[in-house]
Structure formats: structure tokens, C-alpha cells
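One-letter residues, chain by chain:
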2 protein chains.
Amino acid sequence: MKQPISKETVDDILSRMDIADVSLATIRQNVAVTNELERVSGEKFVHLEIGVPGLRPSSIGIEAQKAALDNNVAAIYPNIAGERPIKEAASRFIKAFIDADVPAECIIPTVGSMQGCYNLFLEIKQMNPDKPGVLFIDPGFPAQKSQAKVLGVPSVSFDVYHYRAEKLGPKLEEYLSKGNIGAIIYSNPNNPSWVCLTDDELRTIGEMCNKYDVIALEDFAYLCMDFRSDLSKPFQPPYQVSVSRYTDNYIMMISASKIFSYAGERLGLVCFSPKMYHRDYPRLRELYGMGRMGDNYVLTYLYAASSGTSHSAQYAMAAMLNAAVDDKLDFVDDVKEYGRRAAITKEIFERHGFNIVYDRDNEMPIADGFYYTVGYKGLSNKDLITNLLRCGVSAITLNTAGSDQSGIRACVSALSTPDLFDMLDENLALFETLANE
Amino acid sequence: MKQPISKETVDDILSRMDIADVSLATIRQNVAVTNELERVSGEKFVHLEIGVPGLRPSSIGIEAQKAALDNNVAAIYPNIAGERPIKEAASRFIKAFIDADVPAECIIPTVGSMQGCYNLFLEIKQMNPDKPGVLFIDPGFPAQKSQAKVLGVPSVSFDVYHYRAEKLGPKLEEYLSKGNIGAIIYSNPNNPSWVCLTDDELRTIGEMCNKYDVIALEDFAYLCMDFRSDLSKPFQPPYQVSVSRYTDNYIMMISASKIFSYAGERLGLVCFSPKMYHRDYPRLRELYGMGRMGDNYVLTYLYAASSGTSHSAQYAMAAMLNAAVDDKLDFVDDVKEYGRRAAITKEIFERHGFNIVYDRDNEMPIADGFYYTVGYKGLSNKDLITNLLRCGVSAITLNTAGSDQSGIRACVSALSTPDLFDMLDENLALFETLANE
């Protein structure tokens, strides 16, 4: 890429695609624009927009799934509450890596955490008519906001950037004290900012959940990927920090997509605290003849949504969970590659005048992982993304993830070969020239 | 089983399980009651309640799925619109066995037809605010009514028993003329009655869909299983009859669960007519920035619900669809076993004084297939099911499927060994004695 693509070319493509403001484009639109720019310019782009795993999964899962298929599970409806082996393996895994006690009966496999979260939103809305709302601690995963919208779940959110540490409690209280919020959702580590809420901050969230009788929905899509401490040893501290230490009002979501690079088979786990699983809601009893949250999650919501999830893939995930617990599969080491790529490319960005936007977890510099965020000298989201596109770099802007900051999210998952680092370096040099014109 | 179980024992179990009226029990409650009765009495039951496939699937699907796993598809997110091979195979399959033209782009794999139908209901409700309702041609699959309830989709229904042939049109018109119905849903062959709507009746439905701008949702869970004519030859008449011959306002659902005995992997296909796939709805554009029904089905509804369905299982179903089209897999012959079991056990029921409730498709006696319905000399649903349970036979009552008739649904899928026919004979003899006391 010797020359930036002209502004006219970019504007022309955006206009043809009916995109009025490129900084508001969805990931999908972004991919379409990038494909078209690659075609028109004849230049390959550096793709930082897509969050797909991109590593090869352990053969342990694949071999277990093939064995299950040979064992005729494809013929037989899966138990909607989940097959025994995956429920038991997940219970051990949660003890080994989060140090929380969640019995097998409270763990339900779903068609990815997407299905898990979707049906939690719907149930929370229906079970508690006075408190149907969800509070998003932003920035966050845009797909979860789409879910709330499709389901008509009222939602509110705030950007955690200005509300870390001792400022978090009062900010949460501002929303929860209104009494119409049934759940708080956040991911840890966070997509898109890779912010990791600290143990102290999780205590604050737990205390607020207790005080206002609200459920913490803890999305562990990137479980144990805060590589600043070694979370890879089963049954040994340090553990993945979790709100489950501070409240019984929690539900965790654990997906196989990123931690085991098993996104294709759509497998996630919804892990209810025993209190939440067994808690009785009169409104659910009125509607469906059963009162307990867990029973309704399985027999009302998941039954209607898909009647269970791939029978054979449950055996794949069960095998990987057990292998991790038995120290035969170092899933944390397997994904450390993402941290390596982040360290290299952050340095490239910084060398060309960019800064990390979400740069600290209170006193600690942020970890290197699947995502990070960068901005450039006060450039607006729109100018930043337009200039990056002109220089062959694609990404999504932070405002699409509910952030108030200017910047982009960079995902390192597609940076699978070293030549892409050189390409990024070259393209950002071009960007710097363009920005200083 | 020498003696019926006492009425007190049955009543005691029902009361412990909080079931006030056994004739209103769900399948799941029914299974629980039966398990408890088996435990208490020490007698094995004849299970006619459960509709699970129970045949061994073709190795073509299993081998294709294993090959896909070896090819690393587990690592890669599936295309939410479906992987190319299954979309193309399904398009060929629909031409070969239904003689309808549905392009690959209009065919979307889902997590079983359950997910397919659920998201159709939700989209139909949202896209057409004046016509959010669904009309069920009953008797029907109770799970689809649960879906409407969970989603808050208004629904109406009528029992087709009294409205076959020339009576069907006026009955449909009675509902559709009110203007608040967006879709009609029915299965063909029908669960639970095995009624097969005739080509003439489907023409009537098609004409009504055209007249009132309503969508026909055609559930082909039991595609080509009307064994009265040979529907097994690809690209040769007779074909599976379908409303697609008479209207462009159709969406078909084809599930791998029963036709390929592949229920475990949760794979179905939603097949839009080209007209419906591309049709623009202003309300969808307002809500989601895209107007077309098909685009929203994929990018709004399925994206939120689960972001696609098992990547490897799509290759299994693709292989079976292609093998069927290429005359290398006779899926119709594979499931004829159900017809054989139905013929044998219907004779046993009739010999003990039972009658087939839904006994004719107009002039033709009903086909032998996966389900049939039986009643006994005017006995009410409650007395019938109570006495059958006392004599070691479990089933669900017709009223739970929206039928106005007294009787039970018998499913032959669990009758996998000849000794079960003898057991049924013995237990129904006991029933006859009990009924004539």
C-alpha cells in the first residue's frame, strides 16, 4: 500500500451501501465495506474488525465428538437440561478455575452463550414484571444489545471509563435505586476494551446485587484470559475473579467459542447459582404452571427456542472441560497467542502516535489479550475510521459498543502470520503521514 | 401385567405430582407419571407417548459430519445464513421431492424446526403490527402453541375434524376475514392425528393465503411419510403435496429429526418462497434498518437467537439431502418401519374395541405412519387415559393437541421389538375387562 485510497472512493462506496455515517456501521457493514475497498483498490487489508477465534482447537474435543457420533447420539434428542457428562464436567471446571460451587444440575448447555443470554433476558423480563430492565456496564458486546431490542427488554447503560474503583458503587446505585432493573450484565475480560474488573469492583457489584435484589449476569467468553497472572492451574490460586464470591444472585455464561476455539459447534453453558436456579417466581407459575427460574429456563424457554443443543458437541466440550480440570489440556496457554499478538501490535500503534484508550485497570496497565482499544490525538470516530480505511486497516469504532470515548476496537484474532504485523506497520506509517498533512 | 394398577395408586401419584387432571398433563408430566407407575408397580409399560425417532440414521450423515470435524469446521463460526453446501443440497431436495423451486439463498438452516418456527412467529408478529396472529389448523404439535405463548403471539385454532374438503375454505375465511391473522400453520402429515391434507385442501389454503395476504407455514416434519403412494422417487411424480403449488405466500419447514432420524444434532431448514424472502416490510426497516423478511430472519432474529447452528451437522444433513436426491439414500423406505408398526398395533387396538378417531382423509382411509389416534366407545379423555395407565399403556390425550375429540395419540416410535406388540395386546385385553366391569 504505497498510497492511501482516495476519500472520494471511500465516500462513493459508503453511499452505494446506504451508510450515512461510517462510524455507526455494524461489524457486518464494516466487513462489506472492507471487502469492496479491497476489490476496488486491489490491496489486501489488515483486518482488525472480526472477533473470530482463528486458532486450531484441541483434538481432545474433536475426537470426543466423533466418538459420540459413532455411539449414535445423532439419532437421539439431547436432554434439554443438558447431558450428564457436560453438566458434571462443567461443575468441576468452575470449581477448578473460578473456585465457585455450582452443582451439575444448575448448569445448562445452550446453543452458544448467544442463546444462553437471549433466554436469560426473556425470562428475567417475564418473571419480574416490575423489574424487567437490564443494566449494561459498557463498553459491551453489541449483539447483546440487539438481543434486548429484539425481545423488547428495556435497557440502560453507562461507560465504565469514568467509573472505576470507588466510583463504581455510586454509579450502579444511581440506576438500581430506581427499582426497575432486574439484572446487570458485563463481560470480564471485556469485549471490546479488555478492561478486567478487579476483585474489589466485583465485590461492589455483588453488594449492589444483594442490596437491590438484582442478578449479576457474568459473561466469561474470555475466561482466564487476563494473562497478567497465571490463571491456568486447576484448583490453585489465583482464580478467575468473579462476582460469585460476593453474592448468590449470579448467573455465569461460559462459551466454548473462544476459550476452546470451538465456535463452529455453537456451545455455551449457563451456570445458575443454586439460589437462582431454585428461586420461585409467582409470575412464572401463573404463566407456565412452574415457578422455579431454572425449571422454566429449561422447560419453558429453551424447550421453545430449540429443544436443546447439538448432542455430539456436548461430548466435545465435556471432554475439553475434563481435560482442563485434569491438567491434560492447558487451554490458557493455547490462547496466550492472542496476548503475544496484542503486545506486538500495540507497540506498532503507539510508535505511530496512537494511544491505548482503555489503558488501565485502576493502578494496573491493561492486559494483552483478544482485543484492545486505540485512539489518535483527539481524532473523532468518523475521521479516525475513515483514515484507517483509506490506509488499509479495518476495525469497528468504540461508539458502536456503547463507549463515550473516541477510538477503535482492534481484534488480533485474524493476525495469524508475521507479515501482517509488517503490513500494519506500513499502513499506519501511511496513516501518520495522512493525519499530519 | 396380570392385574390393573389400582385407581388409588394412580390418584396418589397424580396428587403427589400436583396434577389435578391427568387428561391435561403435558408429555413431560406424562413421562414422569409413567416412570413413577413403573417403579411402584414393578411393571414395564408400553410407551406410546414419546415421539422420538428411534431408528438408526444412515452412515452417510455421520461420516460426513466426522469428515467436517476433521476438516476443522468446529473452529469456525458457521455462516448464520447457512453453509453453501446445505443450502444448495436443500434446494435440489425440495425440487426432487416436492417439485417446488426454492433457490439456495432462500433456505436457512436452524437449530431444529423448533428454532425455525419460533423465529418465524416472532418475525411475523413484529413485521406486521396489524396482523400479528397465527391460525393453527388443529390438532397440532403442542410445542408450537407454547412458542406462541412464550413470545406473546396471539393465536386462534380450530379442529379440522369437522372441516375437511369443501368445508375447509369457509372455515378458514371465518378467521382470516377478521384481518388480524398473519400466518396459518399446519403439519402434513399431521402430528398427532396423521391426517394428510389433500392436494385440493392445500389449493384451498393457498387461495385463502392469496386472498387475505397471509403466509402458509408448512411444517414437513414427516415429509413423504404418507405411505399410501410412493413418494420416494426423486424427480418423479407423485410428489409430496404442498401449498407451494398454489401460492407464493409460503414458508416450509423441513427437519432432519424424523426424516433422517437425526434428532440429536438439532438441524432443520426454513425454506422461504422467493417472494417471501425478498418481501419488504416497512416496520422491519423502522426497527432494524433492513426491510426484507429473509435478511431480517437471518441477521436480526437468528443472529440474536444463537448466531447459527452446528457447523459440522450442516455437512451431515447436506450429505443426506444430496444422497436422497441422487437416489443413493432411500429415506422414505428407511422410515416405512413406522408404517409397519402402526398397521400391526392399530389392528390390536381395534380388536380390543377401540376405534381410530381421525380415520379418513375425506374418502381415503388414513395412512399408517408415525402416529395415529384411538378412542374407546365414548369414554372421556380422563377415564380413557386413567384406565390405560392402570393397564400399563402410556399416551397423551387428544385435547392437549387442540382436538375436540375424545381419544389418545399413539406414537409407534418406541415399539422397537416384537415383544412390545404382545405386551400391548395383553395390556389392552386387561383394559377391555376393566372397561366392561
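> Which residues make up the overall build of chain A, and what values go with them?
The helix and strand tally for chain A stands at 16 helices and 15 strands. In terms of overall size, chain A behaves like a compact globule, its C-alpha atoms giving a radius of gyration of 22 Å where 437 residues would be expected to give roughly 22 Å. Along the first, second and third principal axes, the C-alpha atoms of chain A reach 65 × 55 × 45 Å. Across the 437 residues in chain A, those meeting the buried criterion constitute 57%.

> An account of unusual backbone geometry is needed here, citing residue identities and associated values.
The omega torsion across aspartate 138 of chain A and proline 139 of chain A is 0°, close enough to zero to call that bond cis. Residue placement: proline 139 of chain A occurs in the loop between strand 3 (133-138) and helix 6 (142-151). Its identity as a non-glycine residue notwithstanding, aspartate 18 of chain B has a phi of 65°, on the positive side. Counting through the fold element by element, aspartate 18 of chain B comes out in the loop between helix 1 (7-16) and helix 2 (27-41). Since 9 C-beta atoms lie within 10 Å of it, aspartate 18 of chain B is described here as exposed.

> I'd like to hear about the sheet that holds strand 9 (residues 355-356) of chain B, residue by residue, with values.
Within a sheet, adjacent strands bond to each other through the backbone by hydrogen bonds, running parallel or antiparallel. All names here are of chain B. In spatial order, the strands read 9-12-15-14; together these four strands make up an open sheet with antiparallel pairing. Since the sheet does not close on itself, it has two edges, and those belong to strand 9 and strand 14 (396-397), each with one partner. As paired strands, strand 9 and strand 12 (residues 371-375) are joined by two bridges and run antiparallel to one another. When the bridges of strand 12 are listed, asparagine 355 appears paired with glycine 375.

> Could you give me a rundown of the environment of serine 146 of chain B, with the residues and numbers involved?
Within the fold, serine 146 of chain B resides in helix 6 (residues 142-151). Each C-alpha atom of the pair serine 146 of chain B and glutamate 8 of chain B lies 32 Å from the other, and the pair is 138 residues apart in sequence.

> Report on the environment of valine 298 of chain A, specifying residues and quantitative values.
Residue and element names in this part refer to chain A. In this fold, valine 298 is placed in helix 12 (residues 293-305). Taking the number of C-beta atoms within 10 Å as the measure of exposure, valine 298 has 20 and is therefore buried. Taking the C-alpha atoms as reference points, valine 298 and isoleucine 108, separated by 190 residues in sequence, lie 7.7 Å from one another. If near-sequence neighbours (up to four positions away) are discounted, valine 298 is found in contact with Ile80, Ala81, Ile108 and Tyr303.

> Got a sec to walk through the pairing of strand 2 (residues 107-111) of chain A? Specific residues and values, please.
Strand residues, when the strand is regular, have side chains that alternate between the two faces of the sheet. Residue and element names in this part refer to chain A. Burial analysis of strand 2 places five of its five residues in the buried class, the great majority of the element. Across five bridges, the pairing between strand 2 and strand 8 (residues 267-272) is antiparallel. When the sheet's bridge partners are listed, threonine 110 is paired in strand 8 with glycine 268.

> How would you summarise the interface of chain A and chain B if you had to cite specific residues and measurements?
In this assembly, 46 residues from chain A lie in contact with 46 residues from chain B. Elements that contribute at least two residues to the side of chain A that touches chain B include exactly helix 3 (59-70), helix 5 (112-127), helix 6, helix 12 and helix 13 (311-325) of chain A.

> With reference to specific residues and values, describe the domain arrangement of chain A.
All names here are of chain A. Domain boundaries assigned for chain A yield domain 1 (7-44 + 331-435) and domain 2 (59-325). The C-alpha-based centres of domain 1 and domain 2 are spaced at 29 Å. Listed per partner, the contact involves 26 residues of domain 1 and 30 residues of domain 2. Elements with a minimum of two residues in the side of domain 1 that touches domain 2: helix 14 (331-351) and strand 12 (371-375). Per-element tally for the side of domain 1 that touches domain 2: the top contributor is helix 14, with six residues. Each residue belonging to the side of domain 1 that touches domain 2 can be placed in one class, and the counts come to 12 nonpolar, eight polar and six charged.

> Give a description of the nonpolar core that names residues and reports values.
When a protein is soluble and globular, its nonpolar side chains tend to lie buried together. In this structure, Phe121, Ile184, Cys271 and Met317 of chain A together with Ile184, Cys271 and Met317 of chain B are the most contacted members of the largest nonpolar core, which totals 291 residues. Ignoring anything within four residues of it in the chain, the contact list for cysteine 271 of chain B reads Ala90, Ile94, Val102, Cys106, Ile107, Ile251, Met252 and Ile254 of chain B.

> So what's going on with the confidence of the model for chain A? Residues and values would help.
Mean pLDDT for chain A: 96, with 100% of residues reaching 70 or above. Interface confidence for the predicted complex, given as ipTM, is 0.96, next to a pTM of 0.96.

> Could you give an account of the sheet that holds strand 5 (residues 181-187) of chain A, naming the residues involved and the relevant values?
All names here are of chain A. The strand order 2-8-7-6-5-3-4 describes an open sheet built from seven strands, whose pairing is mixed. Lying at the two open borders of the sheet, with one neighbouring strand each, are strand 2 and strand 4 (155-159). Strand-to-strand twist across the sheet, computed as the mean angle between neighbouring axes with direction ignored, equals 20°. Strand direction decides the pairing type here: strand 3 and strand 4, joined by five bridges, are parallel.

> Just give me the short version of the relation of the copies chain A and chain B, but keep the residues and values in it.
Each copy of the sequence occupies a distinct position, and chain A is placed on chain B by a rotation of 180° and an axial shift of 0.0 Å, giving an RMSD of 0.1 Å. In the structure described here, the two chain copies are related by an operation that fits a two-fold rotation axis. Looking at the rotation axis and the C-alpha trace of chain A, the residue lying nearest is lysine 66 of chain A, at 2.9 Å. Counting the interface residues of chain A, we find that 100% of their copies in chain B are interface residues as well, pointing to one common contact surface.

> Please provide a residue-by-residue account of the pairing of strand 7 (residues 250-255) of chain A, values included.
All names here are of chain A. Most of strand 7 sits inside the fold, with six of its six residues counted as buried. Burial of the side chains of strand 7 extends over both faces: Tyr250, Met252 and Ile254 are buried on one face and Ile251, Met253 and Ser255 on the other. Of the pairings in the sheet, the one linking strand 6 (residues 215-219) to strand 7 comprises four bridges and is parallel in character. Across the sheet, glutamate 218 pairs through a bridge with methionine 252, a residue of strand 7. Here strand 7 pairs with strand 8 via five bridges, running antiparallel. Bridged to isoleucine 254 within strand 8 is leucine 269.

> Run through helix 3 of chain A, naming residues and quoting values.
With 12 residues, helix 3 of chain A extends 16 Å between its outermost C-alpha atoms, agreeing within 8% with the 16 Å of an ideal straight helix rising 1.5 Å per residue. Taken as a whole, helix 3 of chain A has its buried residues at Gly61, Ile62, Ala64, Gln65, Lys66, Ala68 and Leu69 of chain A. Where helix 3 of chain A is buried, its residues contact helix 13 of chain A together with helix 3 (59-70) of chain B. Taken from the residues just after helix 3 of chain A, asparagine 72 of chain A is the one with a positive phi, measuring 75°.

> Give a detailed account of helix 8 (residues 199-212) of chain B, specifying residues and quantitative values.
Residue and element names in this part refer to chain B. The first and last C-alpha atoms of helix 8 sit 20 Å apart over 14 residues, in line with the 20 Å expected at 1.5 Å per residue. Residues of helix 8 that are buried include every one of Glu201, Leu202, Thr204, Ile205, Gly206, Met208 and Cys209, and no others. Among the structural elements, helix 7 (168-176), strand 5 (181-187) and strand 6 (215-219) are those in contact with the buried residues of helix 8. Phi turns positive, to about 50°, at aspartate 213, one or two residues after helix 8.

> A description of the environment of proline 85 of chain B should follow, citing residues and the corresponding values.
Residue and element names in this part refer to chain B. Here proline 85 is to be found in helix 4 (residues 84-98). With 229 residues separating them along the chain, proline 85 and glutamine 314 place their C-alpha atoms 8.1 Å apart. Setting aside anything within four residues of it in sequence, one finds proline 85 in contact with Tyr315 and Ala318.

> Describe the packing of helix 7 of chain B against helix 8 of chain B, and please don't skip the residues or the numbers.
All names here are of chain B. Interaxial distance between helix 7 and helix 8 falls to 10 Å at its minimum, and their mutual angle equals 25°. Considering the angle they form, helix 7 stands roughly parallel to helix 8. Crossing hand, helix 7 versus helix 8: right-handed. Every residue of helix 8 that contacts helix 7 at Leu168, Gly169, Leu172, Glu173 and Leu176 is listed here: Glu201, Thr204, Ile205, Met208 and Tyr212. Of the residues that constitute the contact of helix 7 with helix 8, the class distribution is six nonpolar, two polar and two charged.

> Talk me through the packing of helix 5 (residues 112-127) of chain B against helix 6 of chain B; I want residue IDs and the actual numbers.
Residue and element names in this part refer to chain B. Contact geometry of helix 5 with helix 6 gives a least axis separation of 10 Å together with a crossing angle of 40°. In terms of their interaxial angle, helix 5 and helix 6 are classed as oblique. Between helix 5 and helix 6 lies a crossing whose hand is right-handed. Of the residues in helix 6, those in contact with Met114, Cys117, Tyr118, Phe121, Leu122 and Lys125 of helix 5 are Ala143, Gln144, Gln147, Ala148 and Leu151. For the contact of helix 5 with helix 6, the per-class residue count stands at eight nonpolar, two polar and one charged.

The rules behind these values
Residues numbered from 1 in each chain as written. Chains lettered and ligands numbered in written order. Predicted model: local features only at pLDDT ≥ 70, side-chain atom pairs only at ≥ 80, totals over all residues. Helix = DSSP H or I, 4+ residues; strand = E, 2+ residues; numbered from the N terminus. Rg over C-alpha atoms; globule rule 2.2 N^0.38 Å. Buried ≥ 20, exposed ≤ 12 C-beta atoms within 10 Å, placed from the backbone. Pairing = 2+ DSSP bridges. Contact = placed C-beta atoms within 7 Å. Domains from an automatic or database assignment. Nonpolar A, V, L, I, M, F, W, Y, C, P; charged D, E, K, R; others polar. Core = buried A, V, L, I, M, F, W, Y, C linked by C-beta atoms within 7 Å. pLDDT = per-residue confidence, 0-100. Axes fitted to C-alpha atoms, helices over the stretch in contact; angles between N-to-C directions. Least-squares fit on C-alpha atoms with pLDDT ≥ 70 in both. Expected span 1.5 Å × (residues − 1). Parallel < 35°, antiparallel > 145°, perpendicular 65-115°, else oblique. Left-handed = near helix turned anticlockwise from the far one by under 90°.

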